[in-house]
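If you want the building blocks of each chain, they are given just below.
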Protein chains: 2
Amino acid sequence: MDTVVSSNTRRSPSPELVALLRCKFAERFSTSPAVLLQHGTDESTYLPQPPDAVVFVRSTEETAFVVRACARERVPVIGFGVGSSVEGHLLAVEGGVCIDFSQMNKVLAIRPGDLTATVEAGVTRGQLNAELMGTGFFFSVDPGANASIGGMIATAASGTNTVRYGTMRDNLVSLTVVTANGDTTHTASRARKSSAGYNLTQLYCGSEGTLGLITEATVRLHPHPEAYAAAVVHFPSVRAAVDCVIESIQMGVPLARAEMLDALTIRAVNAHSHTGLGENPTLFLEFGASQAQIDEQAGIVREIAGNHGGGAFQWANRPEERSRLWTPRHHAYFACLQLKAGSRSLTTDACVPLSALAQCIEETQADIAEHGLLVPVFGHVGDGNFHCLVLVDPNSAAENEAAEAFSHRLVQRALRHGGTSTGEHGVGMHKMKYLVEEHGEHTVALMRAVKQALDPYNIFNPGKVVAPAGA
Amino acid sequence: MDTVVSSNTRRSPSPELVALLRCKFAERFSTSPAVLLQHGTDESTYLPQPPDAVVFVRSTEETAFVVRACARERVPVIGFGVGSSVEGHLLAVEGGVCIDFSQMNKVLAIRPGDLTATVEAGVTRGQLNAELMGTGFFFSVDPGANASIGGMIATAASGTNTVRYGTMRDNLVSLTVVTANGDTTHTASRARKSSAGYNLTQLYCGSEGTLGLITEATVRLHPHPEAYAAAVVHFPSVRAAVDCVIESIQMGVPLARAEMLDALTIRAVNAHSHTGLGENPTLFLEFGASQAQIDEQAGIVREIAGNHGGGAFQWANRPEERSRLWTPRHHAYFACLQLKAGSRSLTTDACVPLSALAQCIEETQADIAEHGLLVPVFGHVGDGNFHCLVLVDPNSAAENEAAEAFSHRLVQRALRHGGTSTGEHGVGMHKMKYLVEEHGEHTVALMRAVKQALDPYNIFNPGKVVAPAGA
């Protein structure tokens, strides 16, 4: 087998390849600087790194055509959904051709009888849920951004619904993937479970476009509960709020969402949304069940919250009320950015075993205080996952350095607690340096062997996830 | 990279390797014919194929020692849990050394605060649940046999609890695996979710010992519901019973178990357990929640059952009553074997999308009738997975051939319905011939590339799952 091409050089398409793609895709091929810049920019603090060209594909066959053409020249191909990734996933560090999936936006099938839907990679979660209106079913994975489903699969995304419905991984049935030689593979049947060979579905999920390009997916749907209720409750400490959620889970309460916002985040949302929430650690809860079950679940959680010094519950039942009650959580990210004018956020993504979560957040808040940083903290408490928004002036090297140092200490802390450097954002470029520390040399060597086996010329999103052997 | 050794030759250990292992493991090394025979026999209809030697390991380090020693000579190593696999998984088709994990039977940690436990590979599900008594938590995966957890991970097992708690895949946090060069890898942290690189946990799960040997695992635990209730209800047809379960799931009823037994299976259990159940398609249901929620759920299911012609529900609430009510289901396998004295069962494992399940079972029963076969059918209805027990005289070539032909037609039928050849039993030797048909050439080529990358000398359980290139 050929050795992997070193990742230190730019590998731009030849004039012939550019001509071929332009001829084939016409107005769906672009080298305009604005388009290139947009496709080389994500939500991280990295400077943009534009690709050499962008192709807007409309089918798996077109994707395979581009991959075959690029593979001949060992030119990188980088998938692009909506550009909402946060770890530098889509930066064209070696140049190459960006494949934009936004025109592969058809919901191909909705199967209420199977509780599945099949979508093209560019369908956003919002679009799928809009098309599911009236069926009684919904697609559960909700990472905040209206991400493309292909992108969510590529990063193994999750979000606020995970505590009840699982991550993107748990909601996958099968994938269509274009592989290194431009072949198309279907990773699995449409059965809900299978033991028929190696699980390529789960191998591509979370591979961040480095092993192949996901063009279609069959995902699970869930029935809407009969009723929903939302609640907000304040706590005297982060630990009290966290313990309330974990004890509720241990009691078997199927919380639909359980989000913790720290006092600084509440201050930010108060300023942003003109709300008057008490500036204390606060839980945003959602229940989904029959009304009788919600009442029962709420009673249990209220008692647990009381034992941890939780305040009075604010409740909302009707959709518009629930939406208003949850507004602070939904706007938390943008509200936090406004704590510091003109800032960008280096957003951390530590995830630790549940029993270590309160301790890990407390140590992190002590770190924030010690270093005099401005860092709101909020988290998917039921998953052990929390985000720190380290607000930096993008033009300040000192601030970026301090943010990076904070992020580094946080990753070390998460690993010490038996956790991971990234619960749901992925590795991208930013977490590559922690893979060995998190998994050990042998494990990363195995990942590298898998990369080498499935992408021998290192054309798929090079410079992300694992460095090739010898790089 | 070296090419994979062809799988057509026996690769027995040298006298020196035998001497080394005997010296190192003393009475925990065996070449006694009885021990070899036991370790070359599974629950399939295949004739036994004993290994050349068996080692009873007690640690990951000992496992790594054996793998390193065998790898030097390219001698196969085959993992062995309790021998309950059903597709020829553990047959030593090329000879080699069997690694028996039954003495790696320690529950290393139970962490109620994380809802996880860490176990050695040889711990059985029964043992883990016994050690969990009194904690309020349980390990959910229940394939029927008291299998080892290592074996259950290797085959991506599932079973009667899957409809509520997911398969073995869904209940895995991380693995310790001995790889081809005798290194030890830890596939993930103990966080409940992670996006940190390729998901090796899910790659090894279901790899049937062909990519490495699982020595330890961290698995998820679930809180016991406050109460359980069991019910049995008869239906006029398989379709009616299946539709009742699927509609209940679509309504969001979190059934704990939902098993369908066909009329012939009921006849078998009546004869075996001296019960007097009506010989109709029958659902065995289990609910687990608070008593109020159970009442509510049961009301919904009763109404749906009524719409499908379901009869009166027999109920049981107390543990011993529930156990008695479910006895026919628990004994179904052995009861069915007794329909034909001296028989063994070729047990099929088709799994199809939920909406195709009733149709697929009806077509299968028509096939059974047309060919005059004696084949009880039962299934995990909520997963789309059902088993046919094709009872054969193991000494009758004609019966074995007819059973094989039936199994072949059933696989074709499952694939036509968008399903899989194996929902939970795995590929072993028996389903290898269907991989290309199920997944396509390209997909199987990718599996082969993964095998080649992680087991370049084809020492791990050769002749199973995928044939190496050129074999």
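The rules behind these values
- Along each chain, residue indices are assigned from 1 in the same order as the chain's sequence is written.
- As they are written, the chains are lettered A onward and the ligands numbered 1 onward, keeping that order.
- Reporting of local features is limited, given that this is a predicted model, to residues whose pLDDT is at least 70; pairs of side-chain atoms are given and counted only at 80 or more, and all residues count toward the totals for whole chains, interfaces and linings.
- With hydrogens and water set aside, each side-chain value is computed from the structure's full complement of heavy atoms.
- A run of DSSP states H or I qualifies as a helix once it reaches four residues; a run of E qualifies as a strand once it reaches two. Both are numbered from the N-terminal end.
- Any residue under 20% of the maximum accessible area for its type is buried, any over 50% is exposed, and the rest in between are partly exposed; the area is computed with a 1.4 Å probe on protein chains only.
- Each accessible area value is a Shrake-Rupley result obtained with a 1.4 Å probe; residue values ignore everything except the protein chains displayed when judging cover.
- Note on definitions: a residue-residue contact is assigned when non-hydrogen atoms from the two residues lie within 4.5 Å.
- Two parts placed together each lose some accessible area under a 1.4 Å probe, and the buried area is that loss summed for both.
- Think of a salt bridge as a Lys or Arg side-chain nitrogen and an Asp or Glu carboxyl oxygen that are within 4 Å of each other.
- Multiplying one less than the number of residues by 1.5 Å gives the expected span of a helix.
- Note: pLDDT gives the predictor's confidence per residue, expressed from 0 to 100.
- Between any two strands, pairing holds if DSSP finds at least two bridges.
- Interaxial angle, 0 to 180 degrees, is taken between N-to-C directions of lines fitted to C-alpha atoms, where a helix line uses only the stretch in contact.
- Just so you know, the domain bounds were taken from an automatic or database domain assignment.
- Whenever two N or O atoms come within 3.5 Å, that pair is a polar contact, provided that in protein one can donate a hydrogen and the other can accept it, and provided that, for residues adjacent in sequence, both atoms are side-chain atoms.
- Two cysteine sulfurs form a disulfide in these notes if their separation is within 2.5 Å.
- Alignment of the copies relies on least squares applied to C-alpha atoms, considering only residues that score at least 70 for pLDDT in both.
- Between 30 and 60 degrees the pair is tilted, below 30 it is stacked and above 60 it is edge-to-face, where a pair is any two Phe, Tyr or Trp rings, Trp via its six-membered ring, whose centres lie within 6.5 Å.

Quick notes on the overall build of chain A
Consideration 1: Broken down by element type, chain A carries 16 helices and 18 strands.
Consideration 2: The dimensions of chain A, computed from C-alpha atoms along their principal axes, are 70 × 55 × 40 Å.
Consideration 3: Expressed as a percentage of its 471 residues, the buried residues of chain A come to 62%.
Consideration 4: Carbon and sulfur atoms provide 53% of the accessible area of chain A, an area that totals close to 15,900 Å².

Some details on the interface of chain A and chain B
Consideration 1: Counting residues at the interface gives 86 residues for chain A, matched by 86 residues for chain B.
Consideration 2: Summed over both partners, the interface of chain A with chain B comes to about 6,200 Å²; 59% of that surface belongs to carbon and sulfur atoms.
Consideration 3: For the pair chain A and chain B, the interface holds four salt bridges.
Consideration 4: For K193(A), the salt bridge identified is with E424(B), shortest N-O distance 2.9 Å.

Things to note about the environment of E296(B)
Consideration 1: Turning to its location among the elements, E296(B) is positioned in helix α10 (residues 291–307).
Consideration 2: On the accessibility criterion, E296(B) (24% relative accessible area) is partly exposed.
Consideration 3: Placed 43 residues apart in sequence, E296(B) and V253(B) show a C-alpha to C-alpha distance of 9.3 Å.
Consideration 4: Sequence-distant contacts of E296(B), defined by excluding residues within four places in its chain, comprise S290(A), A292(A) and Q293(A).

Describing unusual backbone geometry
Consideration 1: Despite not being glycine, H274(A) has its phi angle at roughly 55 degrees, a positive value.
Consideration 2: Structurally, H274(A) can be placed in the loop between α9 (263–273) and β14 (282–289).
Consideration 3: In this structure, E208(B) takes a positive phi of about 55 degrees despite not being glycine.
Consideration 4: Along the polypeptide, E208(B) turns up in the loop between α7 (200–204) and β10 (213–220).

Remarks on helix α14 (residues 397–416) of chain B
Residue and element names in this part refer to chain B.
Consideration 1: Over its 20 residues, α14 runs 28 Å from end to end, which matches the ideal 28 Å to within 8%, given 1.5 Å per residue.
Consideration 2: For α14, every residue scored as buried is listed here: A403, F406, S407, L410, V411, Q412, R413, A414 and L415.
Consideration 3: For α14, the elements touching its buried residues are β16 (344–347), α13 (354–370), β18 (385–392) and α15 (435–439).
Consideration 4: One or two residues past the end of α14 sits G418, with phi positive at roughly 80 degrees.

A few points about the confidence of the model for chain A
Caution applies to low-pLDDT regions: their predicted coordinates should not be interpreted in detail.
Consideration 1: Predicted confidence across chain A gives a mean pLDDT of 95, with 98% of residues reaching 70 or more.
Consideration 2: Across residues 1–7 of chain A the pLDDT falls below 50, and counting only partners more than four positions away or on other chains, this stretch makes 22 contacts in the model.

Considering the pairing of β14(A)
Residues and elements named next belong to chain A.
Consideration 1: Among the eight residues of β14, eight are classified as buried, and the element is accordingly described as predominantly covered.
Consideration 2: Two strands pair when backbone bridges link them, and strand β12 (residues 227–234) and β14 are joined in this way by eight bridges, in the antiparallel orientation. The partner of A227 across the bridge, within β14, is A289.

Brief notes about the sheet that holds strand β5 (residues 107–111) of chain A
Residues and elements named next belong to chain A.
Consideration 1: Taken together, five strands build an open sheet; the order of strands is β5-β6-β10-β8-β9 and the sheet is antiparallel. Because the sheet does not close on itself, it has two edges, and the strands there are β5 and β9 (184–186). In this sheet, neighbouring strand axes are inclined to one another by 10 degrees on average, regardless of whether the strands run parallel or antiparallel.
Consideration 2: Sheet topology note: the strand β8 (residues 172–178)/β9 ladder contains three bridges and is antiparallel. Considered in β9, the bridge of T176 is made with H186.

Points about the environment of S85(A)
Residues and elements named next belong to chain A.
Consideration 1: As for its placement among the helices and strands, S85 is situated in the loop between β3 (77–80) and β4 (97–100).
Consideration 2: We classify S85 as buried; its relative accessible area is 16%.
Consideration 3: When the C-alpha positions of S85 and M152 are compared, they lie 9.0 Å apart, and in sequence the two are 67 residues distant.
Consideration 4: When residues no more than four places from it in sequence are discounted, the contact partners of S85 are D42, E43, S44 and L90.

What about the sheet that holds strand β1 (residues 29–30) of chain A?
Residues and elements named next belong to chain A.
Consideration 1: Spatial ordering of the open sheet is given by β1-β2-β4-β3, a layout of four strands whose pairing is mixed. Only two strands of the sheet have a single neighbouring strand rather than two, namely β1 and β3.
Consideration 2: Across four bridges, the pairing between β3 and β4 is parallel. The residue bridging G79 from the neighbouring strand is I99, located in β4.
Consideration 3: Contacts between helix α3 (residues 60–73) and the sheet are confined to β2 (53–56), β3 and β4, with β4 contributing the most and set at about 175 degrees to the helix.

A short note on the domain arrangement of chain A
Residues and elements named next belong to chain A.
Consideration 1: By domain assignment, chain A separates into domain 1 (15–102), domain 2 (107–223), domain 3 (227–334) and domain 4 (340–431).
Consideration 2: The C-alpha centroid of domain 4 is placed 22 Å from the C-alpha centroid of domain 3.
Consideration 3: Opposite the 17 residues of domain 3 that make contact, domain 4 presents 19 residues.
Consideration 4: In this assembly, domain 3 packs against domain 4 so that about 1,500 Å² is buried in total across both faces, 65% of it on carbon and sulfur atoms.
Consideration 5: By the criterion of area lost to domain 4, the three top residues of domain 3 are R239, M260 and Y333, representing 32% of everything that side buries.
Consideration 6: Across the contact surface, domain 3 and domain 4 share one salt bridge.
Consideration 7: The salt bridge partner of R239 is E362, with a shortest N-O separation of 3.0 Å.
Consideration 8: On inspection of domain 3 and its partner domain 4, the count reaches eight residue pairs in polar contact (both at pLDDT 80 or more).
Consideration 9: At the level of secondary structure, the elements contributing two or more residues to the side of domain 3 that touches domain 4 comprise α8 (238–250), β13 (257–261), α9 and α12 (332–337).
Consideration 10: Here the element with the most residues in the side of domain 3 that touches domain 4 is α8; it accounts for six residues.

Overview of the state of the cysteines
Consideration 1: This structure, assessed with the given rule, holds zero disulfides over all chains.
Consideration 2: As a non-bridged cysteine, C360(A) has C388(A) as the owner of its nearest cysteine sulfur, 8.4 Å distant.
Consideration 3: Looking at C360(A), the relative accessible area reads 0%, which means it is buried.
Consideration 4: You can see C351(B) has no disulfide; the closest cysteine sulfur is in C360(B), sitting 9.7 Å from it.

What about the relation of the copies chain A and chain B?
Consideration 1: If you rotate chain A by 180 degrees and push it 0.0 Å along the axis, it lands on chain B with an RMSD of 0.0 Å. Here the transformation between the copies is reduced to the relation of a two-fold axis.
Consideration 2: Of all interface residues in chain A, 100% are interface residues in chain B too; the two copies therefore contact each other through one and the same surface.

As for the packing of aromatic side chains
Residues and elements named next belong to chain A.
Consideration 1: Counted under the stated rule, the structure contains 12 aromatic pairs over all chains.
Consideration 2: Ring centres of F138 and Y165 lie 5.2 Å apart, and the angle between their planes is 90 degrees; on these two criteria the pair is classed as edge-to-face. Placement of F138 in strand β7 (residues 137–138) and of Y165 in helix α6 (residues 162–165) is noted, with a sequence separation of 27 residues between them.
Consideration 3: For F138, a relative accessible area of 8% corresponds to the buried category.

Structural notes on the pattern of salt bridges
Residues and elements named next belong to chain A.
Consideration 1: Applying the stated criterion to the full structure yields 40 salt bridges over all chains.
Consideration 2: Among the salt bridges present, the one from E87 reaches K431, with a minimum N-O distance of 3.0 Å. Within this pair, whereas E87 is found in the loop between β3 and β4, its partner K431 is found in the loop between α14 (397–416) and α15 (435–439), the two being separated by 344 residues in sequence.
Consideration 3: For E87, a relative accessible area of 2% gives the class buried.
Consideration 4: Linking D367 and R413 is a salt bridge whose minimum nitrogen-to-oxygen distance equals 2.6 Å. Taken together, the residues D367 in helix α13 (residues 357–370) and R413 in helix α14 connect sequence positions 46 residues apart.

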